[in-house]
Amino acid sequence: MGTPSRSPVRSVPISLARPGASSCSPAGGEVTTRATGSGDFGVLKLTAAGKLDPAFGSKGLAALDFEQASGQVGRGLHVDAQSRILLPGVHLDALAATRVLPTGRLDTTFGSNGLATAPDGTTQISYAGALDPTGLLAVIGQADLALAVAVFDNTGRRAAGFGQNGLVTTRIDRFDEAVAQEARFLPDGKLLVAGFIGGPATNAMLALRYNRDGTLDRTFGRSTGYVVGTYGQLHEAQALAVLPDGRFLLAGLALSGRTKGFVIARHNADGTLDATFGTMGYRFSALMTEAHDIVVAPDGTFYVAGSVENLGRSVMAVSKHRPDGTMDTTFSGDGVASFPS
């Protein structure tokens, strides 16, 4: 267990480390190798020239198969202050995480021989994670239709002061399900989570803010601890970015009438919509159909990475926006670049 596989990789859905997080260039997520035939936690590391780093793992790849079990999936990647690589994900229907040393070897001091899990008897699904400067790692997703958040400390144990033994599940009144798809720790240690709620014939963006102990922060969202988007017919938050002044951006897929596209909303720090952004706080565009990440530049402009449907297939796309949310048409003509075009 923990030895990188030498078998060829068949698929590697990846997430990149944030710029400036480390001097290395790792990417991580799920790998499937011929040796296991099932999804495993995986990390690869690239050199500055874009080649696999032969000094990392096995020829640049660390594929971590725990007990050769199926159903283990890496969902993102984070690099801590010691250049160790943390992968949130799921293992045997439980929110989970693993940690890899800078060399690409499994860190067996983390959790139980390198693996941390938060089972509670429900079927859990992981979608993302967040790392704070003290080493706390949040793994987010869903547990039996409730939004789920597990927090592990820097040793891989469940954070004792968060929720019930490190795990919190949240249901939203009047809605059938809630899903967490992105999260960020805030400077005060609170956790901002974005996703969506589902009900009869509707999906809507959802943002929640948790206190350090896992309770909902009632100073957020008009004393509820959460806000539900009212931007159109169907929409869900797939991406989240926190601005230096505490405001935050949500972005994700949307349906306006019969038109598929994506929506971007900007909220104030208390969860209310920022009416100075777009139309009453949000902006819809049909130029992309998915939005999975947001990167904000120092001047307030921001980029959204996602996809667009082109000739019956979905291709990668990036849009550039001015601080007020309008498309920057100096970028690729209409503000959106797709690959392949």
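Up top is the structure.
Residues numbered from 1 in each chain as written. Predicted model: local features only at pLDDT ≥ 70, side-chain atom pairs only at ≥ 80, totals over all residues. Heavy atoms only, no water.

**Student:** Looking at this structure, I do not really get the sheet that holds strand β17 (residues 202-210). What am I missing?
**Tutor:** Backbone hydrogen bonds hold the strands of a sheet together, and the pairing may be parallel or antiparallel. Ordered in space as β15-β16-β17-β18, the four strands form an open sheet in which the pairing is antiparallel. Each end of this open sheet is capped by a strand with a single partner; those strands are β15 (177-185) and β18 (226-228). Geometrically, the sheet is characterised by an average inter-axis angle of 20 degrees between neighbouring strands, direction not taken into account. Here three bridges tie β17 to β18, and the two strands are oriented antiparallel to one another. (Pairing = 2+ DSSP bridges. Helix = DSSP H or I, 4+ residues; strand = E, 2+ residues; numbered from the N terminus. Axes fitted to C-alpha atoms, helices over the stretch in contact; angles between N-to-C directions.)

**Student:** Hey, could you run me through the side chain of His 267 in this one?
**Tutor:** Mapped onto the elements, His 267 comes out in strand β22 (residues 259-267). Of the polar contacts made by the side chain of His 267, one reaches the backbone oxygen of Gly 271; its length is 2.8 Å. When sequence neighbours within four positions are dropped, the list of residues in contact with His 267 reads Val 227, Tyr 231, Arg 247, Phe 248, Leu 250, Thr 272, Leu 273 and Asp 274. (Polar contact = N/O pair within 3.5 Å; in protein donor to acceptor, adjacent residues only side chain to side chain. Contact = heavy atoms within 4.5 Å.)

**Student:** How should I be thinking about the sheet that holds strand β12 (residues 137-143) in this particular structure?
**Tutor:** Pairing is antiparallel across the open sheet formed by four strands, whose spatial order is β11-β12-β13-β14. Pairing within the sheet leaves two strands with one partner each, and these edge strands are β11 (124-131) and β14 (167-170). Averaged over all adjacent pairs, the angle separating strand axes in this sheet is 20 degrees, with direction ignored.

**Student:** I keep staring at the pairing of strand β16 (residues 191-199) and nothing clicks. Help me out?
**Tutor:** Strand residues, when the strand is regular, have side chains that alternate between the two faces of the sheet. Taken across its nine residues, β16 has nine buried, putting it largely inside the fold. Here β15 hands over to β16 after five residues, with Gly 189 in that stretch at a positive phi of 90 degrees. Inspection of the sheet shows β16 paired to β17 by nine bridges, in the antiparallel sense. Residue pairing for β17: Leu 191 is matched across the bridge by Tyr 210. (Buried < 20%, exposed > 50% of the residue type's maximum accessible area, 1.4 Å probe, protein only.)

**Student:** Sorry if this is basic, but what is going on with the pattern of salt bridges here?
**Tutor:** Note that side chains of opposite charge can pair when their charged atoms are close. Scanning all chains against the criterion turns up 11 salt bridges. Across the salt bridge formed by Asp 245 and Arg 247, the nearest N and O atoms sit 2.8 Å from each other. When salt bridges that share partners are traced, they join Asp 245, Arg 247, Arg 266 and Asp 274 into one network. (Salt bridge = Lys/Arg side-chain N within 4 Å of Asp/Glu carboxyl O.)

No statement about biological role is implied by the geometric values presented.
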